[in-house]
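Structure at a glance
What follows is each chain in one-letter form.
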Amino acid sequence: MKRNIIAIAIVLTIFGCQNENKKYASADAVDAEALKKEISDSTLADKIIKTADMRFRVKDVQNTKEQLSKTIKAEGGTVAEFSIESTILETDKVKQSTDSLKEITSYRTQGYLVAKVPSDKLDDFTNTIAKMAVFVDNQSMKMDDQSIAYLANKLKAQNRVDAIEKINKVASKKSANVESSLYIKDDYVDKRIENMQIDSRVKFSTITLNFYQDNTVKTMVVGNDNLYDYRPPFINRLWLGIVNGWTIFKEIIIAVSNLWMLVLVGIVVFFVIKHFIRKHRLATEEATRNMIDRARQ
């Protein structure tokens, strides 16, 4: 009896697995047909990304920047980044009066601007910029075809939608199935965002502009920072020196008067030493004479 029950259970299990495999096989066949239909329906749309670069010389960098901003706004574009920088090449200061100097500065001004303009107006925009320039140093444009990458992302995104639907049908509440579903959903979002970025770059082209003007010389009067020039004239300084010298001399006399005791001791020591030196010299002379007298005898 137990053997019969076990045999029946094995037969039912094998039969159920075969039915499940047939179900998945039929589902895979349907998915394959849907994928082929998606591929056949997907046309290779043109997704051309344009980027341009220009370097040109202008009369005035600041005015050019303002004109560019107005032109970009009129064309429906936006300014993504800009900067203006002045580099000092040489500077000199010439004395103009006692308290002022004439500062002469030579400098170079450059501008940098990155803009996004509608792709269909890029050529017209570059032509407008060329008219603003004194002359154009260089100009270039690159075209990057992202059509295949766009189609690949689209098909991969559809595959992920189908995979999520299959997981939702087959899966239960197991954590492994939930994690797989989240991973596929995140990957699906990444592909959609990549295509959105491609669409944005296709619609708006990026153009980088470098512009500069001739070296400029500017003069301006500034305060004299040389403190030596603010001293009094020579005659006044000479008189002040004489007065200051007399003051110092008086201070020395006062200082010596405070040390009168040391001065007196010094005088006494001087005469004592002088006395001993004289006495020693007389003794030496007397001895010398005595030696001479003895030699004569």
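Worth saying up front: this structure is predicted, and the values here are computed from it rather than measured. (Residues numbered from 1 in each chain as written. Predicted model: local features only at pLDDT ≥ 70, side-chain atom pairs only at ≥ 80, totals over all residues. Heavy atoms only, no water.)

**Digging into the overall build of the protein**
The condition that has to hold: Helix and strand definitions follow DSSP, with helices as H or I runs of at least four residues and strands as E runs of at least two, each counted in order from the N terminus. Residue contacts follow a heavy-atom distance rule, with two residues in contact if any of their heavy atoms lie within 4.5 Å. Only the protein chains shown count as cover for residues, with accessible areas throughout obtained via the Shrake-Rupley method and a probe of 1.4 Å.
Each helix and strand in the protein was counted, giving seven helices and six strands. Walking the protein from its N terminus toward its C terminus, one meets helices and strands in the order α-β-α-β-β-α-β-α-α-β-β-α-α. In the protein, the proportion of contacts linking residues at least 24 apart, taken out of those at least 6 apart, comes to 81%. Carbon and sulfur atoms make up 59% of the accessible area of the protein, which amounts to about 22,300 Å² in all.

**Some remarks on the environment of G223**
Tracing the backbone shows G223 in strand 6 (residues 216–223). Along the backbone, G223 and L101 are 122 residues apart, and their C-alpha atoms lie at a distance of 6.0 Å.

**A few points about a nonpolar patch on the surface**
Selection criterion: To count toward a patch, a residue needs a relative accessible area above 30% and no salt bridge. Like charges then connect within 9 Å, nonpolar side chains (Val, Leu, Ile, Met, Phe, Trp, Tyr) within 5 Å. What makes a salt bridge here is a side-chain nitrogen of Lys or Arg within 4 Å of a carboxyl oxygen of Asp or Glu, nothing more.
A grouping of W260, M261, L264, V265, V268, V269, V272, I273, F276 and I277 is seen on the molecular surface, where their side chains present a nonpolar patch of about 970 Å² in accessible area. Following the sequence through the fold, I273 ends up in helix 7 (residues 260–296).

**Re the environment of R201**
Summarising the element assignment, R201 is placed in helix 5 (residues 175–203). C-alpha separation for the pair R201 and T51, spaced 150 residues apart in sequence, amounts to 9.2 Å. The residues touching R201, leaving out its near neighbours within four places in the chain, are I49 and S119.

**Here we look at the packing of aromatic side chains**
Stated formally: In summary, the pairing rule links any two rings of Phe, Tyr or Trp, Trp by its six-membered ring, whose centres are within 6.5 Å, and it sorts them by plane angle into stacked for under 30 degrees, edge-to-face for over 60 and tilted for everything else. Exposed residues in this analysis have more than 50% of their type's maximum accessible area, buried residues have under 20%, and partly exposed residues fall in between, with area computed by a 1.4 Å probe over protein chains only. Think of it as a cone above the ring: NZ of Lys or CZ of Arg counts as a charge over the ring if it is within 6 Å of the ring centre and within 35 degrees of the ring normal.
Inspection of the entire model under this criterion finds three aromatic pairs. Centroid distance F56 to F211: 5.6 Å. Interplanar angle 20°. Geometry classified as stacked. In this pair, F56 sits in strand 1 (residues 48–57) while F211 sits in strand 5 (residues 204–212), placing the two residues 155 residues apart along the sequence. Taken individually, F56 and F211 each receive the classification buried, so the pair is uniform in this respect. Across from the ring centre of F82, 4.1 Å away, lies the NZ or CZ of K65, which sits over that ring.

**Here's the deal with the confidence of the model for the protein**
What counts here: Per-residue confidence from the predictor is reported as pLDDT, which spans 0 to 100.
A residue-level look at the protein finds 75% of positions with pLDDT of 70 or above and a mean pLDDT of 76. Summarising per-element confidence for the protein, the mean pLDDT is lowest in helix 1 (residues 2–41) (44) and highest in strand 5 (92). Here residues 1–32 scores under 50 on pLDDT; set against residues more than four positions off or in separate chains, the count is three contacts.

**Digging into the packing of helix 2 (residues 61–74) against helix 3 (residues 122–132)**
Basically, it comes down to this: In this analysis an axis means a line fitted to C-alpha atoms, helices contributing only their contacting stretch, and an angle means the value between N-to-C directions, from 0 to 180 degrees. If an angle is under 35 degrees, it is roughly parallel; if it is over 145, roughly antiparallel; if it lies from 65 to 115, roughly perpendicular; otherwise it is oblique. Crossings are sorted by hand: turned counterclockwise from the far helix by less than a right angle, the near helix makes the crossing left-handed, and turned clockwise it makes it right-handed. Note on residue classes: Ala, Val, Leu, Ile, Met, Phe, Trp, Tyr, Cys and Pro are nonpolar, Asp, Glu, Lys and Arg are charged, and everything else, Gly too, is polar.
Following both chains from N to C, one finds helix 2 and helix 3 inclined at 160°, their axes separated by 11 Å at the closest point. In terms of orientation, helix 2 and helix 3 fall into the roughly antiparallel class. Between helix 2 and helix 3 lies a crossing of right-handed hand. Facing helix 2, whose interface residues are Q67, L68, T71 and I72, helix 3 presents F125, T128, I129 and M132. Split into classes, the residues belonging to the contact of helix 2 with helix 3 amount to five nonpolar, three polar and no charged.

**Overview of helix 3**
Selection rule: What the arc covers is the set of directions going from the helix axis to the C-beta atoms.
If you check which residues of helix 3 are buried, you get L122, F125, T126 and I129. An end-on view of helix 3 places all buried positions within 95° of arc, on one side of the element. Of the surrounding secondary structure, the elements contacted by the buried residues of helix 3 are strand 1, helix 2, strand 3 (100–118), strand 4 (135–145) and strand 5.

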